[in-house]
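Now for the letters of each chain:
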Amino acid sequence: ELKQFPSDFLWGSASAAYQVEGAWDEDGKGVSVWDNYVRIPGKTFKDTNGDVAVDHYHRYKEDVKLMAEQGLKAYRFSVAWTRIFPNGRGEVNQKGLQFYVDLVDELIAHNIEPVLTLYHWDIPQALQDEYGGWESRKIIADFNNYAKTLFETFRGKVKYWVSLNEQNIFTAHGWLMGIHPPDKKEPKLFYEVNHIANLVNATVINTFHEMKMDGKIGPSFAYSPQYALDSNPKNILAAENAEDALSHFWMDVYLYGEYPIAIFNRLKEQGIAPTFEEGDAELLKSAKPDFLGINYYQSNTVAWNPLENGVGMGEMNTTGKKGTSGESGEPGLYKRVVNPHVERTNWDWEIDPTGIRVAMRRITSRYRVPILITENGLGEYDKVEDGKIHDDYRIDYLSKHVSAIREAISDGATVLGYCTWSYTDLLSWLNGYQKRYGFVYVDQDETMQGSLKRIPKDSYYWYKDVIEKNGSE
Ligand code: BGP
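Just so it is clear, the model here is predicted, and its values are computed rather than measured.

What counts, and at which threshold
Residues numbered from 1 in each chain as written. Predicted model: local features only at pLDDT ≥ 70, side-chain atom pairs only at ≥ 80, totals over all residues. Heavy atoms only, no water. Helix = DSSP H or I, 4+ residues; strand = E, 2+ residues; numbered from the N terminus. Rg over C-alpha atoms; globule rule 2.2 N^0.38 Å. Buried < 20%, exposed > 50% of the residue type's maximum accessible area, 1.4 Å probe, protein only. Contact = heavy atoms within 4.5 Å. Areas by Shrake-Rupley, 256 points an atom, 1.4 Å probe, with all protein chains shown as cover. Lys, Arg positive; Asp, Glu negative; His and termini not counted. Charge placed at Lys NZ, Arg CZ, Asp CG, Glu CD. Near = heavy atom within 4 Å. Polar contact = N/O pair within 3.5 Å; in protein donor to acceptor, adjacent residues only side chain to side chain. Core = buried A, V, L, I, M, F, W, Y, C linked by side-chain atoms within 4.5 Å. Pairing = 2+ DSSP bridges. Phe/Tyr/Trp six-rings, centres within 6.5 Å; stacked < 30°, edge-to-face > 60°. Lys NZ or Arg CZ within 6 Å of the ring centre and 35° of its normal. Axes fitted to C-alpha atoms, helices over the stretch in contact; angles between N-to-C directions.

*Asks:* I'm lost on the overall build of the chain in this one. Help?
*Replies:* Of the regular secondary structure elements, the chain holds 15 helices and 16 strands. The C-alpha atoms of the chain give a radius of gyration of 21 Å, which matches the 23 Å a tight globule of 473 residues would have. By its C-alpha atoms, the chain is 55 × 50 × 45 Å across when sized along the principal axes. Scored against the burial criterion, the 473 residues of the chain give a buried share of 60%. In the chain, of all internal contacts separated by at least 6 residues, the share reaching a separation of at least 24 is 76%. Accessible area of the chain: about 18,500 Å², with a carbon and sulfur share of 49%. Side-chain charges of the chain comprise 51 positive and 68 negative groups, with the mean position of each set lying 2 Å from the other.

*Asks:* When you look at the site of the ligand in this model, what are you seeing that I'm missing?
*Replies:* In the neighbourhood of the ligand, 14 residues make up the surrounding shell, with Gln19, Glu166, Ser428, Lys435 and Tyr437 lying closest. Side-chain polar atom of glutamate 166 to an oxygen atom of the ligand: 2.4 Å apart, as the coordinates give it. At 3.4 Å, a side-chain N or O of asparagine 431 approaches an oxygen atom of the ligand. Coverage of the ligand by the protein chains reaches 92% of its 380 Å² of free accessible surface.

*Asks:* Before we go on, may I ask you to explain the nonpolar core in this structure?
*Replies:* Generally speaking, soluble globular proteins have nonpolar side chains that are buried together. Trp134, Phe143, Leu150 and Trp161 are the most contacted members of the largest nonpolar core, which totals 128 residues. Ranked by residue count, the leading element in this core is helix α9 (residues 187-210), at 12 residues. Excluding anything up to four places from it in sequence, tryptophan 161 contacts Leu116, Leu118, Leu150, Phe151, Phe154, Phe208, Met213, Lys216, Ile217, Gly218 and Phe291. Of all hydrophobic cores here, the second largest spans 11 residues; its members include Val54, Tyr297, Trp421 and Leu452.

*Asks:* Just to check I follow, could you spell out the sheet that holds strand β9 (residues 329-330) for this structure?
*Replies:* Hydrogen bonds between backbone groups are what pair the strands of a sheet, and the pairing can be parallel or antiparallel. With mixed pairing, the four strands of this open sheet are ordered in space as β6-β8-β10-β9. Lying at the two open borders of the sheet, with one neighbouring strand each, are β6 (226-228) and β9.

*Asks:* It is not clear to me how the packing of aromatic side chains should be interpreted in this structure. Could you clarify?
*Replies:* The description of an aromatic ring pair rests on the distance of the ring centres and on the angle between the ring planes. Here the structure, examined in full by the defined rule, presents 45 aromatic pairs. The interplanar angle of 85° and the centroid separation of 4.9 Å between the aromatic rings of phenylalanine 151 and tryptophan 161 together place this pair among those described as edge-to-face. Of this pair, phenylalanine 151 sits in helix α7 (residues 138-154) while tryptophan 161 is found in strand β4 (residues 160-165), placing the two residues 10 residues apart along the sequence. You can call tryptophan 161 buried: its relative accessible area is 0%. The side chain of arginine 39 reaches across the aromatic face of tryptophan 24, ending 4.4 Å from its centre. We note lysine 435 situated over the ring of tryptophan 349; from NZ or CZ to the ring centre the distance is 3.9 Å.

*Asks:* What am I meant to see in the sheet that holds strand β3 (residues 113-119) here?
*Replies:* Spatial strand order, β1-β2-β3-β4-β5-β7-β13-β14: eight strands in a closed barrel with parallel pairing. Adjacent strand axes in the sheet meet at a mean angle of 25°, parallel and antiparallel pairs treated alike. The pairing of strand β1 (residues 10-14) with strand β2 (residues 74-78) spans three bridges and is parallel. Within the sheet, the bridge partner assigned to alanine 14 lies in β2 and is arginine 76. Helix α5 (residues 94-109) contacts β2 and β3 of the sheet and is inclined by roughly 170° relative to β2. α7 contacts β3, β4 and β5 (216-222) of the sheet and is inclined by roughly 165° relative to β3.

These figures come from the coordinates and say nothing about function on their own.
Right under this line is the structure:
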C-alpha cells in the first residue's frame, strides 16, 4: 500500500554559491579556483562564467519572496568559503559572512528551512597556491576552522548541513578527467585527494557532533545506481564492479569507514591505492553522518569491458546535442552503454524515475540511513512564449520522480526531504546558461547580457500544488 509523505517532509529546492550569486569580487570576497578556471579560454561552454551569474547576491530577497509564494519548505544553498575567509583562513570577512546571515534570516522569516552546504566546489585559490588545496592534508585544519565558524554563527538557526557536495564528482572531474580545476589527469593523485576529502568529511562531522549542534549533518553523494545491460553473467559482474568502484567506494567510507575490499585490493596491485596514515582508519570509522544526501539524476547501465582494448575515460556531452557523449569505462571492470529502455535528455542524461526508487532501496538495505534528496532535476532548453514557460517536460520528469520517492518510502526508506535542482535557472558549470533546471526562469543568454528578470515557469505552479497537497495526487 502507498504511504503518505511524512507531514514534516521538506519540499525543497537547491542551488550553489558559484552558480547563482555573482558579485564575484564584492565586499571583500577572495578568489576561488572557479573564478580563475572560467577565465581559461575553452574550458566552459562558450567561456561563460559566474561573475554575475543570476545576481542572487543582490536579489536574494526577491528570490526568497518567490520561494515563499510557492510555499517552499526548504532551500538548499552553499556558502562560498572565499566570502568568509578570502584567503582560506585568518580573519573573518564580516561583510561576506553577513550576506549568509541575512539570507538565513530571510528564509527563516518566511518559514523556509535553510539547508546549508559547506562546500560546493569553490575552494579559495590561495589554498590551491599555498599547498595544492585538496592535495594536502593541511586542508583538514583549514576546512575544519571554516566549518566551525559557520557552525558557531548559525547554531540554532540552521538545522540541516551538507558537508561536501558530490565528492565523487569534484575529485573525478578535477584529478582524473581534467574537466574541473585543477584540471589534472593523475589517477594516483586522484585517490590521494579523495582520501583527504574523506578525512575532511569525517573531521567536520565529528566537530559538528562534538559541538552538540542542534541539527543534522551529512555529505551529498551523486548516486547513479548501476544496472547490467542484460543477464549475461559477465555483464552482471560488470555492474557489481561499477557499483563498487563508482558508488560503494564513497558511500561505504561515509557509512562504514571502509573502502570496498575488491576495488581497494585492485588499486593496491596497481600501486595507486590511497595512503593510510596512523589514525586515518579510526577517524573514518568514528564519524557517523546523520543522513546521506543523495543527488540523483540518472541511472547508469554497464557491460563487461575487456582489459585489452578496453574503453577508458570518455568525453562528457557538453554540447547539448543528443548523442555526443563518448564511450567511457574502466578496462577490466565495466564500460558504460546506452540503456535501450530509457529516454535521454539533449545532454544524454538518462531519464529514469524508477532509478531513484532503486537508489533508495539499495541505500536503505545496505546502510539503514535516513536519506535527504539534495538534488534531482531536468536540464533542458526552455523557451519563453508570450511571457510564459511551458516546461511540461520538466513537470513530467519531476512528478514521476516524486511518485517513485513515495514508492520508496512505502518500501521502507526514510526520506527527510526532496530538493529539486534548481530553484532559479543558474550557471551549469560546463554548459553555460542554456542548460536550465529552475522553477524560475532567469533571462540570461550565452552572451551573459540578459536582464536577469525572474519568471516563474509552469513547473513552479505545479510544485506549489504538490507542496500544498503534501505530495498526494
Ligand atoms: C551536480 C552538481 C550541481 C549541478 C548539477 C547539474 O553534479 O552538484 O552543481 O551543476 O549537477 O549538472 P550540470 O550543470 O552539469 O547539468
